[in-house]
Structure formats: C-alpha cells, structure tokens
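One-letter residues, chain by chain:
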Amino acid sequence: LALTRLVSHAVAPAPQAVLTLNISSDGLDLFILKNGKLYFDHFRSWLSIQGESRQITKRAFESAVIEEVQQVINFTINRFKERLRQAIIIAPGFESEIGGLLGERFGLAVAPLAVRDFVSLGPSWFIALGSALRGLADRSRDQDISLSPFSSIESYYQEQTFHFAVLWRNIIIEVAVVFLIVFIGVNVFLVDVFNQNQTQLESFKTRPVIQELTVLQEKVQEFNRLVVMAEQAKTAAPSWLPFLEQLQTLADRHRVHYDRIIMSSIREPIHINARAPSSAVAVAFKNTFTQQPNFKNVDLPLVSATVLDDGSVGFALSFSLR
C-alpha cells in the first residue's frame, strides 16, 4: 500500500492497468494499479523459487519473473478485459536487465520508479516514503484502508478534539494567569491604601483632644441656653387657641365664613373680613360680638358691607380684647 501511494505520487494515475514489479530481499511482489488505486497484489518468496538448491541461478530467476508476470497478465485480461502495456519496476541494480526481459517477452513499456521530489533517497526508502505521504495527507480526506481499530476519520476527529481541548486548556491557563496578576496588583494596591489610612488615623489620634472637648462643651452649653429661652418664650406667650375656638363657634352659629383675620398683637385691634348670607345676619353677628364679655370696641362699618356675586354679603368687623 505504501508503494502504491508512492507510485501514484511519482507517476500520473492512468485509467489503464499498470503492472508494478518490486524485487526486494523477501521475493517478488507484483501488483496492478488502475487510476492510482491498488486492485491486485501477488507475492512469491525467494524460498519458493530456490527450492532445494543452495542458490538461485539467473535462469531460475528469469523463469520465475516471466512465470509470475504471465500469471498477472492473464489475470488482467480475464478481470479487466485488457492487456497490460505498461510496467514500473523497483529492482535496485536489475532495472535494465528486467526491463529488457519484460519488453522482449511481453512487449511492455518498462520504466524504473523515479521519485523526483526525493532523488537523493534510494529504493530502500520507497516504502517509508509511501507511508510518510499518507502522514502528510489531511486526516479528514484519508480514505485508505487502515489496520488500526479506528478509521482515519475517527482518528481525525479524535485529533481535532484533542487539539480543541489543548487550545481551551491553554486559554484557561492564560486567563487564570491574567486574573492572578490582576488579583496580586489589586492586593498590593489595597495594602498600600490600608497602610496610608492607618498612618492618617495615627496622625488624627495625636491631635489635642482637650481642645476638641472644650469646643464641644461650649456648643452644648449654648444649645441648652437656647432650649431654656425657647421654653420661657413659649410660657410667656398668650394662648390663642381658646380665642380662635370662640371665633369659630360664633361664625358657625350665624353661618358666617371668615376670609381673613388680622392680629398684630394682643393689645392691638383685631380685624376680620367675613361673608354672611345677608346684611341682617351680618348685623346679628356684630351684635353677638358686642355681647361677649372679653370683646370691646366692636365696630361694623356699613360702608364695608358689599353684595358679592353669589348673593352673600361681605363685611369688615373690628374689635379689641379686654
């Protein structure tokens, strides 16, 4: 199979049957190629040719070659219905002799195998070269027979899976290294910041504490003084809630609505702007104010009474507290 691959590489594949004769230390190996593929192989050992003799004579050698080639020619005629016309020989030191024999006896066009890409290598390297050519081929396109329990395509996918795993292993390792470097850098930075904060904290602790306590005590005393003054002001201020409740009670009794109440102080007159359903109600509201024991100087100017758009009467009332 390795020689077949090498012959297909060195000689352009032909649709006609081509005989390849390989003479090695083991014996005669004859095989048929069509379109660069191996179709038939026949081997005969030197021991079978030698028989009981101690050596193989030239006559016996030529007879064996002619006999084996004739058998292959007969097989080709019966199998492919065509006669062999071309032969490639691999016989170091015997190329011209065997070529003349096959050309004279069978009329074959004989040529020794020459690999132009590897001129420096002799025939002893041909099998290794054929195997190496298979190794150079893309595994996904290798369709040749294999003695391995796995096909070439399966080996190709296994190899690709392995390369994929190696690729991601390298990526994960590189990413882990990058993260490790980042973590180390962040750790160094945080340690430096922590040390700086510790230094600043120590400097704060060395400041005079008594001065800060004195300032805080002064602020506390000032705050307490303001609280006392606020409580005193609240106690001294008159309570307006009973007065406002009294005004609301009088307004509800006469169905009067307050628009504005002006109170500058407890000693100044109080002015009220209000609305009543009618002038009579406004006068009655004013008379009620006059009857209150804590009110004095109740005044309702008639000129202040005006009829509003909704039919109610607006008026102004002023009075003082006793």
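What comes next concerns the included structure. (Residues numbered from 1 in each chain as written. Predicted model: local features only at pLDDT ≥ 70, side-chain atom pairs only at ≥ 80, totals over all residues. Heavy atoms only, no water.)

Overview of the overall build of the chain
- In terms of regular secondary structure, the chain is built from nine helices and ten strands.
- Scored against the burial criterion, the 322 residues of the chain give a buried share of 27%.
- Taking the contacts inside the chain whose residues are at least 6 apart along the sequence as the reference set, 52% of them involve residues at least 24 apart.
- Accessible area of the chain: about 22,200 Å², with a carbon and sulfur share of 59%. (Helix = DSSP H or I, 4+ residues; strand = E, 2+ residues; numbered from the N terminus. Buried < 20%, exposed > 50% of the residue type's maximum accessible area, 1.4 Å probe, protein only. Contact = heavy atoms within 4.5 Å. Areas by Shrake-Rupley, 256 points an atom, 1.4 Å probe, with all protein chains shown as cover.)

As for helix α5 (residues 126-136)
- Within α5 the residues assigned to the buried category are Phe 126, Leu 129, Gly 130, Leu 133 and Arg 134. Seen from one end, α5 has its buried residues packed into an arc of 145°, which puts them on one side. Facing away from the buried side of α5 by over 90 degrees, the exposed positions are Ile 127 and Gly 135. (Arc of directions from axis to C-beta.)

Quick word on the packing of aromatic side chains
- Inspection of every chain in the model, using the stated rule, returns 14 aromatic pairs.
- For the ring pair Phe 243 and Phe 295, a centre distance of 6.1 Å and an interplane angle of 80° mean the geometry is edge-to-face. Of this pair, Phe 243 sits in helix α8 (residues 241-254) while Phe 295 is found in strand β8 (residues 295-299), placing the two residues 52 residues apart along the sequence. Residue Phe 243 shares its accessibility class with Phe 295, and that shared class is buried.
- Ring geometry for Phe 289 versus Phe 295: centroids 5.2 Å apart, planes at 25°, classification stacked.
- Overall, the relative accessible area of 1% leaves Phe 295 in the buried class.
- Site record: aromatic cluster; members linked through ring pairs are Phe 243, Tyr 258, Phe 285, Phe 289, Phe 295, Phe 315 and Phe 319. (Phe/Tyr/Trp six-rings, centres within 6.5 Å; stacked < 30°, edge-to-face > 60°.)

Some details on the side chain of Gln 292
- Along the chain, Gln 292 turns up in the loop between α9 (279-291) and β8.
- Of the residues examined, Gln 292 reaches a relative accessible area of 16% and is grouped as buried.
- In this view, Gln 292 contacts Gln 246 and Leu 250; residues no more than four positions away in its chain are not counted.

Side note on unusual backbone geometry
- A positive phi angle is found at Lys 81, which is not glycine, with a value near 60°.
- Mapped onto the elements of the fold, Lys 81 is located in the loop between α3 (58-80) and β4 (86-90).
- Residue class for Lys 81 comes out exposed when judged on its relative accessible area of 69%.

A look at the pattern of salt bridges
- This structure, assessed with the given rule, holds six salt bridges.
- Measuring nitrogen to oxygen at the nearest pair gives 2.8 Å for the salt bridge that ties Glu 68 to Arg 44. Of the two residues, Glu 68 is situated in helix α3 and Arg 44 in strand β3 (residues 37-45); the sequence distance between them amounts to 24 residues.
- Note that Arg 275 and Asp 259 form a salt bridge whose closest N and O atoms lie 3.0 Å from each other. Taken together, the residues span a long stretch of sequence, with Arg 275 in strand β7 (residues 270-276) and Asp 259 in strand β6 (residues 257-262) at a distance of 16 residues.
- By relative accessible area, Asp 259 is classed as partly exposed at 47%.
- The structure contains a network of salt bridges with shared partners spanning Arg 44, Glu 67 and Glu 68. (Salt bridge = Lys/Arg side-chain N within 4 Å of Asp/Glu carboxyl O.)

Section: the packing of helix α1 (residues 2-10) against α5
- Where α1 contacts α5, the two axes come as close as 7 Å, and the packing angle between them is 80°. One element, α1, and the other, α5, form an angle in the roughly perpendicular class. Residues Ala 2, Leu 3, Arg 5, Leu 6 and His 9 of α1 pack against Phe 126, Ile 127, Leu 129, Gly 130, Ser 131, Leu 133 and Arg 134 of α5.
- Of the residues assigned to the contact of α1 with α5, the class counts are seven nonpolar, three polar and two charged. (Axes fitted to C-alpha atoms, helices over the stretch in contact; angles between N-to-C directions. Parallel < 35°, antiparallel > 145°, perpendicular 65-115°, else oblique. Nonpolar A, V, L, I, M, F, W, Y, C, P; charged D, E, K, R; others polar.)

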